Amino acid sequence: SVGGILLCSEVITERKRFEGALQQREAEARAFSEQLLQLHEIGIELSTSDSLDDLCRVAVERVRDVLGFDGASIWLFDPESNQLSGTYGTDECGKTRDERGLVCGITESTIQHFRINGSPIKIKSDVELLNERNEVVGRGWNVIVALRDGHELIGVMSVDNLFHRLPLLESQ
């Protein structure tokens, strides 16, 4: 009968939709598992760093080159002056840049976000992306992650999508 054919067609269509969604979730789970393995390997490499400078430089390069973020930088927090001191970052050509000697202020709301609220991450979508001279070099998303020693805020890592403009994925 026509009704049976339509019902069978709907069941097949729904099954195909379900199978597609399942395959997508399995692919996302594999990608997430791969990222966890990469993070583990990066952690092992960083644990053998000879100095803080070496650790920061390698961390910026691995976050960019292995984890696939376009730009990355690490800033160390001075609680007495409420300022961030640069270590290493990514320039407008995608190369590692020595940012030691650069100092910038940090807003009280950002300090509260990381220090008082205890939140480990701050995500900004569609913002101006700046270079080391505070000049706008593009637009995109920016994620700032708190770096802590126990409960103490010691710095931040910033990542962005300046070059490829890819959307921020939930798994990132």
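The structure reproduced in this document is the subject of the present report. Keep in mind it's a predicted model, so treat the numbers as computed, not measured. Here the residue index of a chain counts from 1 through its sequence in written order. A pLDDT threshold of at least 70 governs which residues receive local features in this predicted model, and a stricter bar of 80 or more applies before side-chain atom pairs are shown or counted, although totals over entire chains, interfaces and linings include all residues. Values reported for side chains reflect all heavy atoms of the structure, with hydrogen atoms and water molecules removed beforehand.

### Side note on helix α2 (residues 52-65)
For α2, built from 14 residues, the straight-helix expectation of 20 Å at 1.5 Å per residue is met to within 8% by its first-to-last C-alpha distance of 20 Å. Only protein chains enter the accessibility calculation, which uses a 1.4 Å probe; a residue whose area is less than 20% of its type maximum is buried, one above 50% is exposed, and one in between is partly exposed. Per the convention used, a helix needs a DSSP run of H or I reaching at least four residues, while a strand needs a run of E reaching at least two, with both numbered from the N terminus. Among the residues making up α2, those that are buried are C56, V58, A59, V60, E61, V63 and R64. To estimate how far a helix should extend, the number of its residues minus one is multiplied by 1.5 Å.

### Some details on the packing of aromatic side chains
Between rings of Phe, Tyr and Trp, where Trp is taken as its six-membered ring, a pair exists when centres lie within 6.5 Å; planes separated by under 30 degrees are stacked, by over 60 edge-to-face, and by other angles tilted. Inspection of every chain in the model, using the stated rule, returns 1 aromatic pair. Centre to centre, the rings of F69 and W141 are 6.1 Å apart; their planes meet at 85°, and the pair counts as edge-to-face. One end of the pair, F69, is in the loop between α2 and β1 (71-78); the other, W141, is in strand β7 (residues 136-149), and 72 residues separate them in sequence. Residue F69 shares its accessibility class with W141, and that shared class is buried.

### Description of the pattern of salt bridges
Should a side-chain nitrogen of Lys or Arg be within 4 Å of a carboxyl oxygen of Asp or Glu, the pair is scored as a salt bridge. By the definition in use, this model includes 11 salt bridges. Between D53 and R100 there is a salt bridge whose closest N-O contact spans 2.8 Å. With D53 in helix α2 and R100 in the loop between β4 (96-98) and β5 (103-105), the pair connects residues that are 47 residues apart, well separated along the chain. Accessibility expressed as a relative area gives 32% for D53, which makes it partly exposed. Take R100: its relative accessible area is 41%, and that puts it in the partly exposed class. Salt-bridge contacts for R97 lead to E92; the nearest nitrogen and oxygen are separated by 3.4 Å. Residue R97 is classed as buried on the basis of its relative accessible area, which comes to 14%. Given a relative accessible area of 32%, E92 falls into the partly exposed group. One continuous salt-bridge network, built from bridges that share partners, spans E45, D54, R57, E61 and R62.

### Here we look at unusual backbone geometry
Positive phi values are uncommon outside glycine, yet N82 reaches one of about 55°. Assignment of secondary structure puts N82 in the loop between β1 and β2 (83-86). For D126, which is not glycine, the phi dihedral falls at a positive 50°. Among the residues examined, D126 registers a relative accessible area of 55% and is labelled exposed.

### A closer look at the environment of D98
The topology assignment puts D98 in strand β4. For the pair D98 and R57, spaced 41 residues apart in sequence, the C-alpha to C-alpha distance is 8.2 Å. Once residues lying within four places of it in the same chain are set aside, the contact partners of D98 are T87 and Y88. A polar contact is formed between the side chain of D98 and the side chain of R100, at a distance of 2.5 Å. The criterion used for residue contact is that any of the two residues' heavy atoms lie within 4.5 Å. Two N or O atoms form a polar contact when they lie within 3.5 Å of each other; inside protein one atom must be a possible hydrogen donor and the other a possible acceptor, and for residues adjacent in sequence the pair counts only when both atoms belong to side chains.

### Considering the pairing of strand β6 (residues 121-130)
Where β6 meets β7, 8 bridges bridge the pair, whose relative direction is antiparallel. Residue pairing for β7: I123 is matched across the bridge by V143. Only when DSSP finds a minimum of two bridges between them are two strands counted as paired. Between β6 and β7, which pair antiparallel in sequence order, lie 5 residues; one of them, N134, sits at a positive phi of approximately 65°.

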